[in-house]
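Fold and contact review
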Amino acid sequence: MSAAMDNNEIAVKETKRSDDYKSPGRLKAEEKAEKIRYAEEYKRKLEAENSVLPPKKTKAAEQKEQEKIELAETSTSSETLDKLSNDEYLYVRREVAWNKNTSSKTLDKLANDENKVVRYAVACNKNTSVKTLDKLANDEDRDVRYYVVRNKNTSPESLDKLSNDEDRNVRW
C-alpha cells in the first residue's frame, strides 16, 4: 500500500512539474489571449464611459465615404467642393482642403474645423488667403503653425510672430 501511495505522489509531483513548465508556444498563446481580454475590457470601459469610439460602418457606408473622398480629390468645381466641405467624414473635408481648386472662402470655413488634419491641409493650400493664414498662425496645434510658415501667402507679420514660436520646428 505504501508503494502505491509513493507512485501516486510521484505522479502528482510530475504533473505539477509539467504544469510549472510552459512551452514558448503555450506562453505566446496565453499572452495573446490575455491581450485580447484586455482589449475587450478596455473597449467595454470606453463604451460605458460614452466614449468617442466611431460606430462601425457598413460596406455601403464605407463605399459612399470612399466615393466622396475621390470626388473631393478630383473635383474642379468650387461649388461641389464647398458642399463637400460640410461633410461629416473627416477625410472628405481634408481632401477638400488639399484640393487646388478649393476657393479661399471654403478654405476660410475649413480653417475652423475641429480636426487639426483639416486645418493643416488648409495651411498648405496655395489658395488660402492671408487673412486665413494669419488666423491659423495662432492655432493651438504646432503642425498647423508649421505649415503656415511654409505657405508662400503668409504675411510678413505672421512670419515674424512665428519666428518666436515656442516650438523650434515652427521657428525653423
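Residues numbered from 1 in each chain as written. Predicted model: local features only at pLDDT ≥ 70, side-chain atom pairs only at ≥ 80, totals over all residues. Heavy atoms only, no water.

Details of the packing of aromatic side chains
Summed over the entire model, instances satisfying the criterion amount to 2 aromatic pairs. Measuring from centroid to centroid gives 5.0 Å for Y120 and Y147, while their planes differ by 25 degrees, and the two rings are stacked. With Y120 in helix α7 (residues 116–124) and Y147 in helix α9 (residues 142–150), the pair connects residues that are 27 residues apart, well separated along the chain. Accessibility expressed as a relative area gives 28% for Y147, which makes it partly exposed. Geometrically, the ring pair formed by Y146 and Y147 is edge-to-face, given 5.0 Å between the ring centres and 90 degrees between the ring planes. By relative accessible area, which is 27% here, Y146 ends up partly exposed. Pairwise contacts between aromatic rings join Y120, Y146 and Y147 into one cluster. (Phe/Tyr/Trp six-rings, centres within 6.5 Å; stacked < 30°, edge-to-face > 60°. Helix = DSSP H or I, 4+ residues; strand = E, 2+ residues; numbered from the N terminus. Buried < 20%, exposed > 50% of the residue type's maximum accessible area, 1.4 Å probe, protein only.)

Description of the packing of helix α5 (residues 90–98) against α7
For the pair α5 and α7, interaxial distance at closest approach is 8 Å and the crossing angle is 10 degrees. Accordingly, the angle class assigned to the pair α5 and α7 is roughly parallel. On α7, the residues that touch L90, R93, R94, A97 and W98 of α5 are V117, V118, Y120, A121, V122 and C124. Split by residue class, the contact of α5 with α7 holds 9 nonpolar, no polar and 2 charged. (Axes fitted to C-alpha atoms, helices over the stretch in contact; angles between N-to-C directions. Parallel < 35°, antiparallel > 145°, perpendicular 65-115°, else oblique. Contact = heavy atoms within 4.5 Å. Nonpolar A, V, L, I, M, F, W, Y, C, P; charged D, E, K, R; others polar.)

Notes on α9
Along α9, the residues that are buried comprise V144, R145 and V148. Take α9 and look down its axis: the buried residues cluster within an arc of 95 degrees, on one side only. Tucked into the core, α9 has its buried residues touching α7, α8 (130–136), α10 (156–162) and α11 (168–171). (Arc of directions from axis to C-beta.)

What to know about the environment of R142
By the element assignment, R142 lies in helix α9. On the basis of relative accessibility, which here comes to 44%, the residue R142 falls in the partly exposed class. Sequence-wise, R142 and N169 are 27 residues apart; in three dimensions their C-alpha atoms are separated by 8.3 Å. Not counting the four nearest positions on each side in its chain, R142 is found in contact with D167, N169 and V170. At 3.0 Å, the side chain of R142 and the side chain of D167 are in polar contact. (Polar contact = N/O pair within 3.5 Å; in protein donor to acceptor, adjacent residues only side chain to side chain.)

As for the pattern of salt bridges
Evaluation of the coordinates by the stated rule reveals 10 salt bridges. Close ionic contact of E95 with R94 constitutes a salt bridge, the shortest N to O distance being 2.8 Å. Between D108 and K135 there is a salt bridge; the shortest N-O distance is 3.3 Å. Highlighted residues: D108 in helix α6 (residues 104–110) and K135 in helix α8, separated in sequence by 27 residues. D108 gets classed as partly exposed once you look at its relative accessible area, which sits at 26%. Its relative accessible area of 35% is what places K135 among the partly exposed residues. (Salt bridge = Lys/Arg side-chain N within 4 Å of Asp/Glu carboxyl O.)

Some thoughts on the side chain of S85
If you trace the backbone, S85 turns up in the loop between α4 (78–84) and α5. There is a polar contact of 2.5 Å between the side chain of S85 and the backbone oxygen of D82. Setting aside anything within four residues of it in sequence, one finds S85 in contact with R93, V96, T106, K109 and L110.

Some thoughts on the layout of surface pockets
As a volume, the largest pocket reaches approximately 210 Å³. Lining the largest pocket are K57, E65, E88, Y89, L90, Y91, R93, E114 and N115. With 3 residues, the top contributor of residues to the lining of the largest pocket is α5. Per-class residue counts for the lining of the largest pocket are 3 nonpolar, 1 polar and 5 charged. (1 Å grid on protein atoms, 1.4 Å probe; cavity = no way out; pocket = protein on both sides within 12 Å on 5 of 7 lines; lining within 4 Å. Points joined across faces, edges and corners; volume = space filled by probe spheres on them.)

So yeah, pure geometry; function would need other evidence.
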